[in-house]
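Structural features, examined
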Amino acid sequence: MDFTEIYKQSGNLASFSPGAHFILNVVENTLIVRRTDTLQITRTWTVTTPSSTASILSNSKSTPSSLGVSPDGWISHAGWSCDSEYLFAASAKKGIVEVFKLRDENWNARIEAGVEGLLKAEWAPDGRHILCFSQWGLRVTIWSLVTGNATYIQFPIHPDRGYAFRSDSRYFILAERHRSKDAMGVYDTTDCYKLVRHFPVPTSNLSSLALSPTGNHIAVWEGILEYKLHILSLAGDVQGTFSPKPNPGFGVRNAAWHPTGMFLAVAGWDDKIHILDGLTWSAAATLELLSKIPMGATLWREPSNWLETTQGRGFLSYERLQGPQTISLQRTDPTKPNPKSGVVQLEWNKTGTLLLVRFENCPTVVHLYDFPGSSDPFVPRLRCVLQHSKPVLQAQWNPVRKGSLALCSGSGSIYTWSDEWIGENGVEEDMAECIGVPANTKFETRSVKWAPDGKGLVLLDKEVFCCAFEVEEDGTES
């Protein structure tokens, strides 16, 4: 991999454009756009004074930064439209959203939140509407860049996980709470977000939802006190309910749909993953965290002190251990609040042939499970385990290639796993590598983001970032 220089950033806001030709990053109250090939700055915009309402409501006395801007005025959210034509930058504490046009530096639109405040802003999939979630769960406002009009939807439950767009972007599904009861609203995005369906949900305290890739089913589940998951149609009909027996005592922590929509992986706080099939909505298989790694699975272990040995430059393969191996698991006390157990990440790869799992009571380890194809017997198995010296902070599948994974653990490196390595006999095999970030100053990779074309990565530290690009066989950057 080739690495770029290190640049300043704030708020962990740095990302590739959908076409991967530009990179957006934020420094306090300034939005910066760079070309991917040269990293030269092509556009800069500054988010200026807050709305008068926000100024009156704000009583904070924050200390100005080195640029003379109070942290309350820093950009908290930023993003690209789907066609890379527009960008937005929002300051939640100041209650403003600024919208800019990449091809016209002078074009500008501005959204000012009223007394309800601003908690979060993001693009709708069409790239011409912006969703603004107010504070205190009062409402979500959908602003149109085409007409300048706004649509208001009251009482969303969770601004971070209680909504979804169907894969074709036709419908917007929102979990709501009316008169102390959970409900679901389905809105038509092509008709100014007009309400199409509104129905009660069989939960007493909805924790989250997940919309199937086919857009036909919604999975909703209860909070931490009850392990119960319901499958609903978009019309509100209950298709199935899943609750394991015996009841583990705590609720669902994560759920992830298979890319085909035929399976749903459900994980709680008990270190078990139930794979539900899409016909009966019962468990077709159960995966469980064990300290012993079974025969047939590979343990990839990060070499000790490799960063000091290589001085943070170059790359080194993991130690490959086959045969029965063991990993250490942290003991948890279920009688204490917030137990360190359960699945913190559950993510399928692009084709659904691999399932990535991170358990909280073994934070240095990543499990990869193999899933058979449609013509093979349905027997999921543990394929390999990646073990590191420090807790893994993030792991992310390549958005294009089915067998490419990037990880980070807050050290001066990144880690990759791939099943595309060509061995000596010309057959594809697994390979795991540690790659040092060649920085002249201290750099700790705390977050990674793939480029949409799967050929580059943004690596983020607390206040700086850099990019990494794969090098093709002819020596040119991909």
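Residues numbered from 1 in each chain as written. Predicted model: local features only at pLDDT ≥ 70, side-chain atom pairs only at ≥ 80, totals over all residues. Heavy atoms only, no water.

In space, the four strands of this open sheet follow the order 7-8-9-10, with antiparallel pairing throughout. Each end of this open sheet is capped by a strand with a single partner; those strands are strand 7 (77-80) and strand 10 (104-112). Neighbour to neighbour, the strand axes of the sheet diverge by 15 degrees on average, direction disregarded. (Pairing = 2+ DSSP bridges. Helix = DSSP H or I, 4+ residues; strand = E, 2+ residues; numbered from the N terminus. Axes fitted to C-alpha atoms, helices over the stretch in contact; angles between N-to-C directions.)

Turning our eyes to something else, we now look at the side chain of T36. Relative to the helices and strands, T36 resides in the loop between strand 5 (30-35) and strand 6 (41-46). According to the relative accessible area criterion, T36 is buried, its value standing at 10%. A polar side-chain atom of T36 sits 3.0 Å from the main-chain carbonyl oxygen of A20. Within the local environment of T36, its side chain forms a polar contact with the backbone nitrogen of F22, the two atoms lying 3.1 Å apart. Those residues within four positions of T36 in sequence are excluded, and the remaining contacts are F16, A20, H21, F22, I23 and F469. (Buried < 20%, exposed > 50% of the residue type's maximum accessible area, 1.4 Å probe, protein only. Polar contact = N/O pair within 3.5 Å; in protein donor to acceptor, adjacent residues only side chain to side chain. Contact = heavy atoms within 4.5 Å.)

A few words on the pattern of salt bridges. Using the criterion set out here, one finds 24 salt bridges in the structure. Residue R128 is joined to D83 by a salt bridge in which the shortest nitrogen-to-oxygen separation is 2.7 Å. Of this pair, R128 sits in the loop between strand 11 (120-123) and strand 12 (129-133) while D83 sits in the loop between strand 7 and strand 8 (86-91), placing them 45 residues apart in sequence. Judged by relative accessible area, R128 falls into the partly exposed class, the value being 23%. For R446, the salt bridge is made with D461, and the minimal N-O distance between the two is 3.1 Å. Linking R446 in the loop between strand 39 (428-436) and strand 40 (447-450) with D461 in the loop between strand 41 (456-460) and strand 42 (464-469), this pair joins segments that are 15 residues apart in sequence. For R446, a relative accessible area of 31% translates into the label partly exposed. Taken together, the salt bridges that share partners define one network made up of D370, R381, R383 and D430. (Salt bridge = Lys/Arg side-chain N within 4 Å of Asp/Glu carboxyl O.)

Along the chain, the position of S291 falls in the loop between strand 26 (283-288) and strand 27 (292-293). The class of S291 is partly exposed, set by a relative accessible area of 31%. Separated by 89 residues in sequence, S291 and P380 place their C-alpha atoms 18 Å apart. Not counting chain neighbours up to four residues away, the residues in contact with S291 comprise Q325, T326, I327 and L329.

Before going further, it helps to examine the pairing of strand 28 (residues 298-301). Working note: regular strand, side chains alternate between the two faces of the sheet. In this sheet, strand 30 (residues 319-322) lies alongside strand 28 in antiparallel orientation, the contact comprising four bridges. Bridge pairing in strand 30 places W300 opposite R320. Pairing of strand 28 with strand 35 (residues 381-387), which is carried by four bridges, proceeds in the parallel orientation. Residue pairing for strand 35: T298 is matched across the bridge by C384.

This brings us to the packing of aromatic side chains. Aromatic ring pairs are defined here through the distance separating the ring centres and the angle between the ring planes. If you walk through the whole model with that rule in mind, you get 19 aromatic pairs. When the ring of Y163 is compared with that of F172, the centres are 6.1 Å apart and the planes differ by 55 degrees; the resulting orientation is tilted. Neither Y163 nor F172 differs from the other in exposure class; each is buried. On the numbers, 6.3 Å between centres and 75 degrees between planes, the contact of W397 with W417 is edge-to-face. Residue W397 is located in strand 36 (residues 394-397), and its partner W417 is located in strand 38 (residues 413-422); the two are separated by 20 residues in the primary sequence. Through a chain of ring-to-ring contacts, the aromatic side chains of F133, Y163, F165, F172, Y187 and Y193 assemble into a single cluster. Its guanidinium or amino end placed over the ring of Y7, R34 lies 4.1 Å from that ring's centre, counting from NZ or CZ. (Phe/Tyr/Trp six-rings, centres within 6.5 Å; stacked < 30°, edge-to-face > 60°. Lys NZ or Arg CZ within 6 Å of the ring centre and 35° of its normal.)

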